[in-house]
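Chains, contacts and geometry: an overview
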Amino acid sequence: MLAAEARWIGHALAQLDIGTLSPVLNVGSSDAAFREQVQPWIHNEILVPLHERGAKVYNLDFRSGDGIDLHGDLTDEFFVAGLADYGFRSLLCCNLLEHVVNPAAICARLEHLVPVGGYLIVTVPNRFPYHPDPIDTMFRPDVEEIVRIFPSCRLVRGEVIGCGTGWDYVGGNLISLVQKVKQRLAGMSENGGVKGSSSFVPWLFREFRQSCVLLQKNQSSGL
């Protein structure tokens, strides 16, 4: 997640009554170290304000780890069915859909977890380099494309926001730049070298953009 993206999410959540949000499911959360140290804006801009307002947040990831409350595969219908028992009223799905083969199927399951009147915040890169985790399908939607894959929801707010350049992303640090290039090369090798480019240089002075959407479920959905 990028810092400007986290600020957008935090502002959007702040406008909503906490009673309509909690409990919150944070999908694809990664572990506590990532949220608090690698990308501390996730913790500071989103999670801390939610906790301070009394919200219960459950962090969900495919992997297990410190600070991950729930771990499992969203393509597993039995796992998803079990999530319904928590009674989530809202969810965050940030920087996940570009890493799954069938985003529409995942979105259908996420919609099903939220009641009518509940909220979903969804973010996906709109302009961002190839970044496998473990894959990157290069899904780079705009706001309208995201809305279309959540047919049981209405758009409350959505925009494509600027999030700095590639040089900002590596913190103006050459060591960090080299690490990003190595990560890209490794990802290309593991996935047959089909997606993306090994060079990060063209992105150094290009603006990254994120599609950020706040949705409210307005009709029942079924699987």
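Refer to the structure above for everything that follows.
Attention here is on the structure that accompanies the text. (Residues numbered from 1 in each chain as written. Predicted model: local features only at pLDDT ≥ 70, side-chain atom pairs only at ≥ 80, totals over all residues. Heavy atoms only, no water.)

On a plain count of helices and strands, the protein comes out with eight helices and seven strands. Here the protein, with 223 residues, has 45% of them falling under the buried criterion. In the protein, 76% of the contacts between residues at least 6 apart in sequence involve partners at least 24 apart. For the protein, the accessible area works out to roughly 10500 Å², and carbon and sulfur atoms hold 52% of it. (Helix = DSSP H or I, 4+ residues; strand = E, 2+ residues; numbered from the N terminus. Buried < 20%, exposed > 50% of the residue type's maximum accessible area, 1.4 Å probe, protein only. Contact = heavy atoms within 4.5 Å. Areas by Shrake-Rupley, 256 points an atom, 1.4 Å probe, with all protein chains shown as cover.)

Membership of the largest hydrophobic core comes to 29 residues, with the highest contact counts inside it found for Leu 74, Val 122 and Phe 150. For this core, the secondary structure elements donating two or more residues are strand S1 (24-27), helix H4 (77-83), strand S4 (90-94), helix H5 (103-113), strand S5 (119-127), helix H6 (143-148) and strand S7 (207-217). The dominant element in this core, judged by the number of residues it contributes, is H5, at four residues. Not counting residues up to four positions away in its chain, the partners in contact with Leu 74 are Val 27, Leu 60, Phe 79, Val 80, Leu 83, Leu 96, Ile 106, Arg 109 and Leu 110. (Core = buried A, V, L, I, M, F, W, Y, C linked by side-chain atoms within 4.5 Å.)

Of all five residues in S4, five are buried; the element is thus mostly enclosed. Where burial is concerned, the two faces of S4 agree: the one with Ser 90, Leu 92 and Cys 94 and the one with Leu 91 and Cys 93 are both buried. Sheet topology note: the S1/S4 ladder contains four bridges and is parallel. Residue Val 27 lies in a different strand from S4, and its bridge partner there is Cys 93. (Pairing = 2+ DSSP bridges.)

Given 3.6 residues per helical turn, the α-helix brings residues three or four places apart onto the same face. For H5, the full list of buried residues reads Pro 103, Ile 106, Cys 107, Leu 110, Glu 111 and Leu 113. Projected onto a plane normal to the axis of H5, the buried residues spread over an arc of 155° and lie on a single side. Looking at the buried positions of H5, the neighbouring elements they touch are S1, H4, S4, S5, strand S6 (153-165) and S7. (Arc of directions from axis to C-beta.)

The next point concerns the environment of Arg 127. On the secondary structure map, Arg 127 appears in strand S5. According to the relative accessible area criterion, Arg 127 is partly exposed, its value standing at 22%. Taking the C-alpha atoms as reference points, Arg 127 and Ile 161, 34 residues apart in sequence, are found 10.0 Å from one another. Residues contacting Arg 127, with those up to four places away along its chain left out, are Trp 203, Arg 206, Glu 207, Phe 208 and Arg 209. A polar contact is formed between the side chain of Arg 127 and the backbone oxygen of Glu 207, at a distance of 3.3 Å. (Polar contact = N/O pair within 3.5 Å; in protein donor to acceptor, adjacent residues only side chain to side chain.)

Now for unusual backbone geometry. Cis peptide bonds are those with omega within 30 degrees of zero, and the linkage from Ser 22 to Pro 23 qualifies with 0°. If you trace the backbone, Pro 23 turns up in the loop between helix H1 (3-14) and S1. Geometrically, the link from Asp 133 to Pro 134 is a cis peptide bond, its omega value of -5° lying close to zero. Tracing the backbone shows Pro 134 in the loop between S5 and H6.

What follows concerns the packing of H1 against helix H3 (residues 40-52). For the pair H1 and H3, interaxial distance at closest approach is 8 Å and the crossing angle is 10°. Put simply, H1 runs roughly parallel to H3. For the pair H1 and H3, the contacting residues are Ala 3, Ala 6, Arg 7, Ile 9, Gly 10 and Leu 13 in the first and Trp 41, Glu 45, Ile 46 and Leu 50 in the second. Class assignment for the residues of the contact of H1 with H3 results in seven nonpolar, one polar and two charged. (Axes fitted to C-alpha atoms, helices over the stretch in contact; angles between N-to-C directions. Parallel < 35°, antiparallel > 145°, perpendicular 65-115°, else oblique. Nonpolar A, V, L, I, M, F, W, Y, C, P; charged D, E, K, R; others polar.)

To continue, consider H1. Its twelve residues give H1 an end-to-end C-alpha distance of 17 Å, which sits within 8% of 16 Å, the value for a rise of 1.5 Å per residue. Among all positions of H1, only Ala 4, Glu 5, Ala 6, Trp 8, Ile 9, Gly 10, Ala 12 and Leu 13 are buried. Elements that come into contact with the buried residues of H1 comprise H3, S4, S5, S6 and S7. (Expected span 1.5 Å × (residues − 1).)

Let us look at the packing of aromatic side chains. If you walk through the whole model with that rule in mind, you get four aromatic pairs. Ring centres of Tyr 58 and Tyr 86 lie 5.1 Å apart, and the angle between their planes is 65°; on these two criteria the pair is classed as edge-to-face. Taken as a pair, Tyr 58 in strand S2 (residues 57-61) and Tyr 86 in the loop between H4 and S4 lie far apart in primary sequence, 28 residues in all. An aromatic cluster of three or more residues is present, and its members are Tyr 58, Tyr 86 and Phe 88. (Phe/Tyr/Trp six-rings, centres within 6.5 Å; stacked < 30°, edge-to-face > 60°.)

Function cannot be read off these values alone, since they describe shape.
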